[in-house]
Amino acid sequence: MRTTTKHCIIRLTATGAMLAVGALVELRLMNAYGVPVLLALPCGLSVGLGVGNLAEAVAGWFATTVFRCPDKSCTYKVSVAHVDAAERRRWQEAAASHPGHELNYRP
């Protein structure tokens, strides 16, 4: 299986688990107040989706590497995720010697 396929399966599984947990927690909490199931279910799904979205954003933040141009006045940057060491080194070199560097110069 390719790496991107593995990541896709993991993301779908995690999203489904977050939706199920969020729905069950909200149903349990709202059941104490007598809220109907058809009203509590969308609330639970939205809470689960929000938590899943937050978890995915945090995981993406830890998995992403950002390479910037070494020149302090240049704003060029490259973000890569889920790459091996050789690919990471190529992107680092590309960020250091990117085309159009002289166009971004700010004295």
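Above this text you will find the structure in question.
Quantities reported herein were computed from a predicted structural model and do not represent experimental measurements.

*Asks:* Please provide a residue-by-residue account of the overall build of the protein chain, values included.
*Replies:* Across its full length, the protein chain carries three helices and two strands. Counting from the amino terminus, the protein chain carries its helices and strands in the arrangement α-α-β-β-α. Within the protein chain, the fraction of its 107 residues that count as buried is 14%. Sequence-distant contacts, at least 24 apart, represent 41% of the contacts inside the protein chain between residues at least 6 apart. For the protein chain, the computed accessible surface area is about 8,200 Å², with 65% contributed by carbon and sulfur atoms.

*Asks:* Provide a residue-level description of the side chain of Glu 26, including the pertinent values.
*Replies:* Looking at the element boundaries, Glu 26 is found in helix 1 (residues 3–31). Although Glu 26 is buried, it forms no salt bridge, and the closest oppositely charged side chain is Arg 28 at an N-O distance of 12 Å. Beyond its immediate stretch of four places on either side in the chain, Glu 26 contacts Ala 40, Cys 43, Gly 44 and Val 47.

*Asks:* Describe in detail the pairing of strand 2 (residues 77–81), supporting the description with residues and values.
*Replies:* Only one face of strand 2 is covered, namely the face carrying Val 78 and Val 80; the face carrying Lys 77, Ser 79 and Ala 81 is uncovered. Examined bridge by bridge, strand 1 (residues 64–68) and strand 2 share five bridges and lie antiparallel to one another. Bridged to Thr 65 within strand 2 is Val 80.

*Asks:* Go over a nonpolar patch on the surface with me, naming the residues and quoting the values.
*Replies:* Residues Leu 54, Val 58, Trp 61 and Phe 62 make up a contiguous nonpolar surface patch of roughly 510 Å² in combined accessible area. Take Val 58: it is sitting in helix 2 (residues 37–63). The class of Val 58 is partly exposed, set by a relative accessible area of 38%.

*Asks:* Tell me about the environment of Ala 96, residues and numbers included.
*Replies:* On the secondary structure map, Ala 96 appears in helix 3 (residues 85–96). Along the primary structure Ala 96 and Lys 77 are separated by 19 residues, whereas in three dimensions their C-alpha atoms are 9.3 Å apart.

Calculation notes
- Residues numbered from 1 in each chain as written.
- Predicted model: local features only at pLDDT ≥ 70, side-chain atom pairs only at ≥ 80, totals over all residues.
- Heavy atoms only, no water.
- Helix = DSSP H or I, 4+ residues; strand = E, 2+ residues; numbered from the N terminus.
- Buried < 20%, exposed > 50% of the residue type's maximum accessible area, 1.4 Å probe, protein only.
- Contact = heavy atoms within 4.5 Å.
- Areas by Shrake-Rupley, 256 points an atom, 1.4 Å probe, with all protein chains shown as cover.
- Lys, Arg positive; Asp, Glu negative; His and termini not counted.
- Salt bridge = Lys/Arg side-chain N within 4 Å of Asp/Glu carboxyl O.
- Pairing = 2+ DSSP bridges.
- Patch = residues over 30% accessible without salt bridge, like charges linked within 9 Å, V, L, I, M, F, W, Y side chains within 5 Å.

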